[in-house]
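So the chains spell out like this:
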Number of protein chains: 2
Amino acid sequence: MDVAVIGLGLIGGSVLRALASTGHRVLGYDADPATRATARTAAARAPASGRWQVAGTVRDAVPRAELVVIAVPLPAVAGVLGDLVGAGYTGLVTDVTSVKGPVQALVDQHLYGGHTRIAGFVGGHPMAGRETSGFGAADPTLFAGCAWVLCLDPQVTALADWLELAALLITLKARVVPALAADHDRAVAAVSHVPHLLATALAAVAADDPLASTLAAGSFRDGTRVAATRPDLVAAMCGGNAAAVGPALDAVLDALHQARAAVDVDDPIGALRAWLGPGSAARAAWPPRAGTPVELPARADVLLRLGRVGGWVTGVAEDRRTVTAVRPVPPDPAGSPAAR
Amino acid sequence: MDVAVIGLGLIGGSVLRALASTGHRVLGYDADPATRATARTAAARAPASGRWQVAGTVRDAVPRAELVVIAVPLPAVAGVLGDLVGAGYTGLVTDVTSVKGPVQALVDQHLYGGHTRIAGFVGGHPMAGRETSGFGAADPTLFAGCAWVLCLDPQVTALADWLELAALLITLKARVVPALAADHDRAVAAVSHVPHLLATALAAVAADDPLASTLAAGSFRDGTRVAATRPDLVAAMCGGNAAAVGPALDAVLDALHQARAAVDVDDPIGALRAWLGPGSAARAAWPPRAGTPVELPARADVLLRLGRVGGWVTGVAEDRRTVTAVRPVPPDPAGSPAAR
């Protein structure tokens, strides 16, 4: 397949490398000339069977492409969509941005203007962040075993496009998770965006006391790890998903205010033990174990139901009429294999 | 040195193994017969040069001891202190409990009753937790490079006792941090106890949504890691330090409410970028780098000042009149080596 990857940071660079190493013809582009030069040098050093090329403009990157992967930060997405329209691109488009509702709104405006679709779009998000960034950190195996959301909002994405992209990502060993954009945005607010805010609050408060910084060990190290991420990236991610981050942060604040109240009662040890129970059990049961693979009809409603219960697609049939999928095994309170 | 270690969980077992392997004669005891049996079997398998013995009662463990290490959870400390008094023990006592004010209050009541000191006490806390627990997880190298607080409250601890214990712990490669019990309790509330509460709140909220559990990746994994710790241990730790955990949690809640307000403004990306800056910079500057070793007079006021600025003791002179110490190097905003 001919693929163009626009944006060659950690994720874009990893997509480019992963697709090149699985036999696709890949053209990359980055707005930063230095990044383009780095990517060209790396291409020359790559094994001949897994090389890519680097274009000097978006327009030069897309003429032969059947798929364009947009891998730029949210504020740059609109510009790239405009470039694609300007280049007369009519193939499939996906992205890897960490919020999906706002991207779909931009797509509606730029690609689907006047309600005539000039390109097919499938919003995507690989759950594969790292504190490191840039093409130098790109890794063709980054997506092995990682959840990769592909949005399947009926008014935005055609099922055939979704299945084609899912089949491609499964060759990169990703777990393809079908979801509505709004459900994705709510879920990542809880498990990715709010954790960044908690980590940063913790790091900021501890910094006021040098003794505390010296005593900080494992729980602080891990609890604050993502606070070291570049503030502009975290701000774009959380601020770009403000509508979902607000309620998710409220839920955590509610829980913490309950803990705060438990600290003040006559028996704080007993009150905290009761408060800690459910979260502790939930964490002990995470990550969910994969159940036995099942075959499902390749229908949007079936796929969305699969995603909603935490399942993912592991295969797409050649004829695109069925998919192979797994659902997570519900944790069993007794600790033995679940009977459900 | 003859040492008795009372309580053979992860920390007590590691202390026992570390002291045995550095040539001390160590007798261990645990209230649980199964743990005693495990420790006896492990002793038989240890190299002849690093063996320990296991006593059947506290009374049997202490007759020859010059030092008793209390390594039981806070609720069991009073009982052990009573046993020591009952056994007529008059040597040095330390502990490894994660709160120091409440332990010193128990010591005052049990060991220093009637203001006659029947044993010397130095409250201690090695910052070396793990999610694993029990003697089976004990590791003689657990304390290498770890901060180990030794309290130096003048009304509780004699300087000579403090220096003797510091010298011993330095042979286990610990960084010995002098502190008042109240300062310790405030610092660990911020960097250890509150992180456990945040991790648990995060895990509990995400558990409500199966899609979120499936999408959860690195930031969730690390941000919730310690939530899997046994709730009774976390409750004892946080509830036992309630007086310090309350204000530390309030500080984090204040910071998070500021973030919540930033999410709701017209430009959440800009507002969050400003909010994220200080915490992100603080985390990037952590852990503090060690400065050049200096020689300091072995005086309580000097040692406490060292601890307050985040420094630690790396050596105690034979004559106990000076110590070698390092202070952390303040982070330089420009990124070059600090001139301060």
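From a predicted model like this one, the values you see are computed outputs, not experimental measurements.

How each quantity is defined
Residues numbered from 1 in each chain as written. Chains lettered and ligands numbered in written order. Predicted model: local features only at pLDDT ≥ 70, side-chain atom pairs only at ≥ 80, totals over all residues. Helix = DSSP H or I, 4+ residues; strand = E, 2+ residues; numbered from the N terminus. Buried ≥ 20, exposed ≤ 12 C-beta atoms within 10 Å, placed from the backbone. Contact = placed C-beta atoms within 7 Å. Least-squares fit on C-alpha atoms with pLDDT ≥ 70 in both. Nonpolar A, V, L, I, M, F, W, Y, C, P; charged D, E, K, R; others polar. Pairing = 2+ DSSP bridges. Axes fitted to C-alpha atoms, helices over the stretch in contact; angles between N-to-C directions. pLDDT = per-residue confidence, 0-100. Core = buried A, V, L, I, M, F, W, Y, C linked by C-beta atoms within 7 Å. Domains from an automatic or database assignment. Expected span 1.5 Å × (residues − 1). Right-handed = clockwise from strand over helix to strand, strands pointing away. Parallel < 35°, antiparallel > 145°, perpendicular 65-115°, else oblique.

**Notes on the overall build of chain A**
- A count of helices and strands for chain A gives 13 helices and 14 strands.
- Along the longest, intermediate and shortest principal axes, the C-alpha atoms of chain A span 70 × 50 × 45 Å.
- Residues classed as buried in chain A amount to 53% of the 340 residues present.
- A fraction of 71% describes how many contacts in chain A between residues 6 or more apart in sequence connect residues 24 or more apart.

**Some words on the relation of the copies chain A and chain B**
- In the superposition of chain A on chain B (RMSD 0.0 Å, axial shift 0.0 Å), the rotation amounts to 180°. Classification of the inter-copy transformation places it as that of a two-fold axis. Closest to the rotation axis within chain A is the C-alpha of G223 of chain A, separated from it by 2.2 Å.
- The overlap is high: 100% of the interface residues of chain A also sit at the interface in chain B, so the same surface is used on both sides.

**Quick notes on the interface of chain A and chain B**
- Of the residues lining the interface, 87 residues belong to chain A; the matching set on chain B comes to 87 residues.
- Among the elements that line the side of chain A that touches chain B, the one with the most residues is helix 7 (residues 181–206) of chain A, at 18 residues.
- The residue makeup of the side of chain A that touches chain B, split by class, is 59 nonpolar, 18 polar and 10 charged.

**Points about the sheet that holds strand 6 (residues 120–122) of chain A**
Residues and elements named next belong to chain A.
- Sheet architecture is open: 6 strands sit in the order 3-2-1-4-5-6, paired in parallel fashion. Since the sheet does not close on itself, it has two edges, and those belong to strand 3 (53–54) and strand 6, each with one partner.
- Note: strand 2 (residues 25–29) against strand 3, 2 bridges, orientation parallel. By the bridge assignment for strand 3, G28 is matched with V54.
- Sitting on the sheet, helix 4 (residues 74–86) is in contact with strand 1 (2–6), strand 4 (67–70) and strand 5 (92–95), with an inclination near 160° to strand 4.

**Overview of unusual backbone geometry**
All names here are of chain A.
- Cis rather than trans, the peptide bond between W286 and P287 has omega equal to 0°.
- Even without glycine at this site, K173 takes up a positive phi of about 70°.
- In this structure, K173 sits in the loop between helix 6 (159–170) and strand 9 (175–179).
- Here K173 falls in the partly exposed class, since 15 other C-beta atoms lie within 10 Å of it.
- The phi dihedral of R320 is positive, around 60°, even though this residue is not glycine.

**A word on the confidence of the model for chain A**
Residue and element names in this part refer to chain A.
- Averaged over all residues, the pLDDT of chain A is 93; the fraction at 70 or higher stands at 96%.
- Note on residues 335–340: pLDDT is under 50 here. Beyond four places in sequence and across chains, it has 6 contacts.
- This complex was scored by the predictor with a pTM of 0.89 and an ipTM of 0.93.

**Focus: the nonpolar core**
- Within the largest apolar cluster, 247 residues are counted, with the highest numbers of intra-cluster contacts made by I6, V68 and L215 of chain A together with I6, V68 and L215 of chain B.
- Excluding residues within four positions of it along the chain, L215 of chain A makes contact with M127, A147, V149, V177, A187, V188 and V191 of chain B.

**As for the domain arrangement of chain A**
Residues and elements named next belong to chain A.
- According to the domain assignment, chain A consists of domain 1 (2–142), domain 2 (185–284) and domain 3 (289–329).
- Each of domain 1 and domain 2 has a C-alpha centre, and the two are 33 Å apart.
- Listed per partner, the contact involves 9 residues of domain 1 and 11 residues of domain 2.
- Those elements that provide at least two residues to the side of domain 1 that touches domain 2 are helix 4 and helix 5 (101–110).
- Grouping the amino acids of the side of domain 1 that touches domain 2 by side-chain chemistry returns 5 nonpolar, 2 polar and 2 charged.

**Remarks on helix 1 (residues 10–21) of chain A**
Residues and elements named next belong to chain A.
- Taking 1.5 Å of rise per residue, 12 residues should cover 16 Å, and helix 1 covers 16 Å from first to last C-alpha, within 8% of that figure.
- For helix 1, the buried fraction is high: 11 of the 12 residues fall into the buried class.
- Three or more residues of helix 1 are buried, namely L10, I11, G12, G13, S14, V15, L16, R17, A18, L19 and A20.
- Of the surrounding secondary structure, the elements contacted by the buried residues of helix 1 are strand 1, strand 2, helix 2 (33–45), strand 4 and strand 7 (124–126).

**A few points about the pairing of strand 8 (residues 147–151) of chain A**
Residues and elements named next belong to chain A.
- When you tally the buried positions in strand 8, you get 5 out of 5 residues, the bulk of the element.
- Burial along strand 8 is two-sided: the face carrying A147, V149 and C151 and the face carrying W148 and L150 are both buried.
- Taken together, the 3 bridges between strand 7 and strand 8 define a ladder with antiparallel strand orientation. Looking at the pairing, G124 lines up with L150 of strand 8.
- Where strand 8 meets strand 9, 5 bridges bridge the pair, whose relative direction is parallel. The partner of L150 across the bridge, within strand 9, is P178.
- With helix 6 bridging strand 8 and its parallel neighbour strand 9, the resulting β-α-β unit is right-handed.

**Details of the packing of helix 11 (residues 242–263) of chain B against helix 12 (residues 268–284) of chain B**
Residue and element names in this part refer to chain B.
- It is at 8 Å that the axes of helix 11 and helix 12 come closest, and there the two elements cross at 160°. Considering the angle they form, helix 11 stands roughly antiparallel to helix 12. Between helix 11 and helix 12, the residues in contact are Q258, A259, A262 and V263 and P268, A271, L272 and W275, respectively.
- By residue class, the composition of the contact of helix 11 with helix 12 is 7 nonpolar, 1 polar and no charged.

**Observations concerning the packing of helix 12 (residues 268–284) of chain A against helix 7 (residues 181–206) of chain B**
- For the pair helix 12 of chain A and helix 7 of chain B, interaxial distance at closest approach is 8 Å and the crossing angle is 70°. Considered as vectors, helix 12 of chain A and helix 7 of chain B are oriented roughly perpendicular to each other. Of the residues in helix 7 of chain B, those touching helix 12 of chain A at L276, P278, G279, S280, A282 and R283 of chain A are T200, A201, A203 and A204 of chain B.
- In the contact of helix 12 of chain A with helix 7 of chain B, the residues fall into 6 nonpolar, 3 polar and 1 charged.

**Details of the environment of R175 of chain B**
Residues and elements named next belong to chain B.
- By secondary structure assignment, the location of R175 is in strand 8 (residues 175–179).
- Residue classification places R175 among the buried positions, given that 24 C-beta atoms sit within 10 Å.
- Note: C-alpha distance between R175 and C146 (29 residues apart in sequence) is 5.8 Å.
- Residues in contact with R175, not counting those within four places in the same chain, are G145, C146, A147, W148 and W312.

**Topic: helix 1 (residues 10–21) of chain B**
- Buried residues belonging to helix 1 of chain B abut strand 1 (2–6), strand 2 (25–29), helix 2 (33–45), strand 4 (67–70) and strand 6 (120–126) of chain B.
- Backbone geometry just after helix 1 of chain B places G23 of chain B at a positive phi near 95°.

**A short note on the environment of V15 of chain A**
Residue and element names in this part refer to chain A.
- Mapped onto the elements of the fold, V15 is located in helix 1.
- Residue classification places V15 among the buried residues on the basis of 29 C-beta atoms within 10 Å.
- For the pair formed by V15 and P126, sequence separation is 111 residues and the distance between their alpha carbons is 9.9 Å.
- Once residues within four sequence positions are removed from consideration, V15 is found in contact with V5, V69, A71 and V96.

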